[in-house]
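Structure assessment
The chain contents come next:
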Amino acid sequence: MDDTYAFYVNWDPNSERSLRRNIDTMDVLIPQWFHVQPNLELGGDIQKDIGNLAKKHDVKVVPLISNLIDNEWNQEVVHNLLISPPARSKLIQDLHGQIKRYGYDGINIDFENIKAEDKELFTSFMQELYSVFHSDGLLVTIDMPPNDKAFDYNALNNYSDKMIVMLYDENFQTPGPIASSIWYQENLARIPKDKLVVSLGNYGYDWEWESSEPGKVVSFENVMRMAGKANLQVQWDDMSKSPYVRYTDKDKLHELWFLDGVTFYNQLKTASAAGVKGVALWRLGTEDPAVWDVLENRGIDTLRHIKDSDSIYSYGKGNILRAVSSQEQGKRELILNDSDQISGEVYQSVPKSSEMERLGKAETKEVVLTFDDGPDPEYTTRILNILKQHHIKATFFVIGKNAMLNKDIVQRIYMEGHEIGNHTFSHRHTNSISYNQLKLELNASQRVIQGITGHSSLLYRPPYGYVDTPTVNQDFKRMLYTTEMGYLTVNYDIDSRDWEATSSKEIVNNVLQELPNGNVILLHDGGGDRSSTVEALPEIIETLQNKGYTFVTTSELMNTERNSVMPSVKEVERPLVEGFKIIIGNATSLNGVISLLLYTVLALSVLRVFILVYFALRHKGRAQLSRAGNDSFQPLVSVIIAAYNEEKVISRTVQSILKSDYQHYEIIVVDDGSQDRTFAIVSENFSSNERVHLIRKKNGGKSSALNRGIQKAKGDIIIAIDADTIISHKAMSLLVRHFIDKKVAAVSGNMRVGNMRNLLTISQHIEYVTGFNLEKRAFSFLNCVTVVPGAIGAWRKQVILECGGFTDDTLAEDTDMTLRILCQGYRVAIEENAYAYTEAPEGIRGFFKQRYRWTYGTLQCLWKHKRAIFSREQKSLGCIAIPNMLLFQYALPLVAPILDALAIFGALSGGIKKAALFYLGFFIIDLVICLFTFRLEKLSLKPLISLFLQRMFYRYIMPLVVWKSIYAAIKGTRVGWNKLQRSGNLEIGESVKRTG
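Given the structure is predicted, the values throughout are model-derived calculations rather than measurements.

Parameters at a glance
Residues numbered from 1 in each chain as written. Predicted model: local features only at pLDDT ≥ 70, side-chain atom pairs only at ≥ 80, totals over all residues. Heavy atoms only, no water. Helix = DSSP H or I, 4+ residues; strand = E, 2+ residues; numbered from the N terminus. Rg over C-alpha atoms; globule rule 2.2 N^0.38 Å. Contact = heavy atoms within 4.5 Å. Areas by Shrake-Rupley, 256 points an atom, 1.4 Å probe, with all protein chains shown as cover. Lys, Arg positive; Asp, Glu negative; His and termini not counted. Charge placed at Lys NZ, Arg CZ, Asp CG, Glu CD. Core = buried A, V, L, I, M, F, W, Y, C linked by side-chain atoms within 4.5 Å. Buried < 20%, exposed > 50% of the residue type's maximum accessible area, 1.4 Å probe, protein only. Salt bridge = Lys/Arg side-chain N within 4 Å of Asp/Glu carboxyl O. Pairing = 2+ DSSP bridges. Axes fitted to C-alpha atoms, helices over the stretch in contact; angles between N-to-C directions. Expected span 1.5 Å × (residues − 1). Bend = angle between axes of the 7 residues up to and from the residue. Patch = residues over 30% accessible without salt bridge, like charges linked within 9 Å, V, L, I, M, F, W, Y side chains within 5 Å. Polar contact = N/O pair within 3.5 Å; in protein donor to acceptor, adjacent residues only side chain to side chain. Parallel < 35°, antiparallel > 145°, perpendicular 65-115°, else oblique. Left-handed = near helix turned anticlockwise from the far one by under 90°. Nonpolar A, V, L, I, M, F, W, Y, C, P; charged D, E, K, R; others polar.

**Re the overall build of the chain**
- Of the regular secondary structure elements, the chain holds 30 helices and 39 strands.
- Expected size for 996 residues packed as a compact globule is a radius of gyration near 30 Å; at 42 Å, the chain overshoots this value by more than 25%.
- Oriented by its inertia axes, the alpha-carbon framework of the chain measures out at about 120 × 80 × 55 Å.
- Long-range pairs, those at least 24 residues apart, make up 78% of the contacts in the chain with a sequence separation of at least 6.
- Accessible surface, the chain: about 43800 Å² in total, of which carbon and sulfur atoms supply 52%.
- Between the mean site of the 111 positive side-chain charges and the mean site of the 116 negative ones, the chain shows a separation of 15 Å.

See the structure below:
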């Protein structure tokens, strides 16, 4: 088939529902929008939204014009039109203008019950219309019954783009098949195929045997519902290949013939074999949903499942809702013949539709005042005063977290005779959360209500209400779930829209305009400024009372009592409720404690930043004043590289050192028992270079490798470099110049990430830049730099020997040595321009291993040097640097999950703004730090785009590292070097270079 056409009617909501559900299967939409009026003028009812929907899905729109007037195909109107050339011409021009105006694709002519003597006039009409429309490139299609003497099929073939032949209604005046197999095949064979589109029906006719009236049109959905409710058996007629049903209603025999997915399958297969160009469905909204599976060629097995149309059926009146049952698919057995046609079907079970019960429609003029989103200490109190003054009871749908903080108001609501409903605990949109989350929301709020009042609530209103819809959707599925939990869903009929109104008068007008809609009025006593609601309430009450309305509660609207919707808590639940009373009683004070803790942490962080920024700027200024070096100061420098399994990177590291602008140095590579080709690569590439010396030893760890290199070193200055590091050509000379000062025993270089390939490595780049330019600058000014990194650090050899060399009693040998030097009274400096580019872990596992080793090693160092804390000899180290490490590297990460839990609890308890402010404050601090540190070195700000994700990642990975480190320390676990697997992906990208 070339194209799929679908007929749409604007008077049946099921038609639009089917259109929206199946529009992607359609090529051409034929909406029944135009008709010829008795005065021969054009009448129409265009739905722009439907046309726009079709255009959005690339479906052509070809509106239909008919002679259907008052549900009858008016023969005289067509006759009068055809015999009047001016009327014909005007109608054609008006039609053409409408199609052009709305940008549609053509016109569909559906004139039925035409007089046989008007045959030639109708052909002339089509010729004239075809000429006008084709001159603008618009389609012309025509609907025709088969074998009708009023239609010249051969002539009309010349004046239409598609001839849509309606192969249905074989019987509609008297009982019988709508399109029997033989009738269908005979009529299909008579019509030219070059422009033929076969229109297949999918509906039914219900005849009463003793009546002379035509059959009543019924949809497939209604046939199935009738069969299910009355337990009817669907029969199959072998002669016509059609299903039918016989039943008795009020002692009257009925016969109902219908077309379904099976008849559609057979007819489509026959049409395709006959060479038909397209297929049309009459009509959207009455069809068996299985026809879309057939059109999508999803296989014959899909017909074995009888789908429901997603409609919701309700009984009763009112907008207090209770779901009764959910939809179920039916089943049918298929009998196939040798030509793959379906020769029979057996309905084993019929589909069941979803159903709900409506309660609360009052026979008299009764209305319910309902208030959502409270309680609020100001507005709810004022509303209660107004209600008390007018002797009116209302229903308050409370949010659990608000109720916890305003228990006295909730108690007053109940004690003054009002009803309380459940509005969830935190007012989340129920369609955006899982069923388990919904259950948790309802149960939490229920416990709060029980704890305050001693009563449960069976009344529930979802946040933002339910959209009253005739189709199964998320709302109904959630309602079914809450009904199973025992709740009645109280929707609303009259929306005051006080949440968006700008004045009390507007609220009153909204209520009065919607008053005919029902009984339940929606107002709000919380969730924002409700002063207009409070102002409007007395006028609403007085105006409605003057109109003869009575105010009742939700239970009274259902002709029951408050105890039926707010029963006493069961004895088995009382211990749990008593526990909630204690929690609720302390919720306010706990909220205050949480706020104090969170803001204290935030204040400490802000104070720390101000102190570090101040001293970092002081250091920056001092560094600029002392940039000039002494060219005559050229001590011998021994560059030591401790290497273990570094075959991928060792050659590159040595080459970067050899490019240094400093001339008086030697390179000592210590192979610490590598099991790869590290030793061989160094030997092969650098054995002829007099500066490079290679030592091989048994594996003993990084400290022993460094000590071995120091023993062989001839220089007074030792520069230790990791085997995966590339240094800048000026790095060595810049480091060495600091040793002119005899008090300087160590100098830290500026370590950068050289493999920014993903979010993880970019995050480490941000960390390195901020750490060096904030903490290290400030601590250098105060002479309390706690670590000279192993990636690039310069040391005075004499001091190292005085301290006994590097030790292996910690995993952070560089931190340990730095702290020992400071305790000896020496100075530790930093050099901002001595860049070293190192390879950072690219995967989570490697990153976690590295940080675990660093964190555990630093913890070992802090324990080893615990006497330095608050030391009088090293005040800056003992009173600033080490406390900073303990507080911000261990204590805060350790309790970060607890702080997050408290913040979440605070948010759920009504402090969402405070929690949001807390997190926003921390992020702003991070952002300011990053902007400050990046601009200090004039670096590209591009990596900061990922700052939020970086902070979220670090916020939750570092507590794990700290917890594991402390646990290992307490347990006494021995932790190895945990050397990282090298990738060799190190590059010096633009984002790590200066921008000015």
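**What about the nonpolar core?**
- Counting 87 residues, the largest nonpolar core has Ile-65, Ile-107, Phe-111, Phe-122 and Phe-125 as the members making the most contacts within it.
- The leading source of residues in this core is helix 5 (residues 119–134), at seven residues.
- One finds Val-601, Phe-772, Cys-784 and Leu-819 within the second-largest nonpolar core, a separate group that totals 58 residues.

**Describing the pattern of salt bridges**
- Under the defined criterion, the tally for this structure stands at 39 salt bridges.
- Residue Arg-696 pairs with Asp-671 through a salt bridge whose shortest N-O separation is 3.8 Å. Note that Arg-696 is positioned in strand 34 (residues 692–697) and Asp-671 in strand 33 (residues 665–672), a separation of 25 residues in sequence.
- Measuring nitrogen to oxygen at the nearest pair gives 2.9 Å for the salt bridge that ties Glu-684 to Arg-677.
- Here Glu-684 falls in the exposed class, since its relative accessible area comes to 54%.
- Within this structure, Asp-260, Asp-288, Arg-332 and Glu-345 form a network of salt bridges that share partners.

**As for the sheet that holds strand 36 (residues 726–727)**
- Taken in spatial order, the eight strands of this open sheet run 34-33-32-35-38-37-39-36, and their pairing is mixed. Across the chains shown, the open sheet's two edge strands, defined by having one partner strand only, are strand 34 and strand 36.
- Pairing between strand 35 (residues 717–722) and strand 38 (residues 792–796): five bridges, direction antiparallel. Residue Ile-719 lies in a different strand from strand 38, and its bridge partner there is Ala-794.
- On the sheet, helix 23 (residues 702–712) packs against strand 32 (637–643), strand 33, strand 34 and strand 35 and is oriented at approximately 145° with respect to strand 33.
- Lying on the sheet, helix 27 (residues 813–823) is in contact with strand 37 (744–753), strand 38 and strand 39 (827–838); it crosses strand 38 at an angle near 35°.

**Re helix 17 (residues 531–546)**
- Under the 1.5 Å per step criterion, the end-to-end length of helix 17 is 24 Å for 16 residues, consistent within 8% with the ideal 22 Å.
- Most pronounced at Leu-537, the bend in helix 17 amounts to some 30°, and the proline Pro-538 follows within four residues.
- Where helix 17 is concerned, the buried positions are Ser-532, Thr-533, Val-534, Ala-536, Leu-537, Ile-540, Ile-541 and Leu-544.
- Buried-residue contacts for helix 17 involve strand 24 (366–374), helix 11 (379–389), helix 16 (504–514), strand 30 (520–524) and strand 31 (550–552).

**Things to note about the side chain of Asp-372**
- With respect to the helices and strands, Asp-372 occurs in strand 24.
- Apart from residues lying up to four places away in sequence, Asp-372 is in contact with Phe-397, His-423, Arg-461, Leu-522, Leu-523, His-524, Asp-525 and Gly-526.

**Brief notes about the pairing of strand 23 (residues 354–359)**
- The buried count for strand 23 comes to six of six residues, which makes it a mostly enclosed element.
- Neither face of strand 23 is exposed, since Ser-354, Met-356 and Arg-358 on one face and Glu-355, Glu-357 and Leu-359 on the opposite face are all buried.
- Sheet analysis places strand 19 (residues 312–316) next to strand 23, joined by five bridges and oriented parallel. By the bridge assignment, Tyr-313 is partnered in strand 23 with Glu-355.
- The pairing of strand 20 (residues 320–325) with strand 23 spans five bridges and is classified as antiparallel. Bridge pairing in strand 23 links Ala-323 to Met-356.

**Some details on a nonpolar patch on the surface**
- Taken together, Tyr-599, Leu-917, Leu-920, Ile-924 and Val-928 make up a surface patch of nonpolar side chains, about 430 Å² in accessible area.
- Topologically, Ile-924 is positioned in helix 29 (residues 875–936).
- Take Ile-924: its relative accessible area is 43%, and that puts it in the partly exposed class.

**Structural notes on the side chain of Gln-450**
- Mapping Gln-450 onto the fold places it in helix 14 (residues 435–453).
- Separated by 2.7 Å, the side chains of Gln-450 and Ser-456 make a polar contact.

**Some details on the sheet that holds strand 22 (residues 342–349)**
- On the basis of which strands lie adjacent, the open sheet formed by three strands has the order 18-21-22 and antiparallel pairing. Looking along the sheet, the strands with just one partner apiece sit at the ends: strand 18 (305–306) and strand 22.
- Where helix 9 (residues 261–273) meets the sheet, its contacts fall on strand 21 (330–336) and strand 22, and the angle it forms with strand 22 comes to roughly 165°.

**Observations regarding the packing of helix 1 (residues 13–22) against helix 2 (residues 48–56)**
- For the pair helix 1 and helix 2, the least separation of the axes is 11 Å and the interaxial angle reads 20°. The angle between the axes of helix 1 and helix 2 places the two elements in the roughly parallel class. Seen from above, helix 1 lies across helix 2 with left-handed handedness. Touching Glu-16, Leu-19 and Arg-20 of helix 1 are Asp-49, Ile-50 and Leu-53, all from helix 2.
- A per-class count over the contact of helix 1 with helix 2 returns three nonpolar, no polar and three charged.

Any functional reading would require information beyond the geometric quantities listed.
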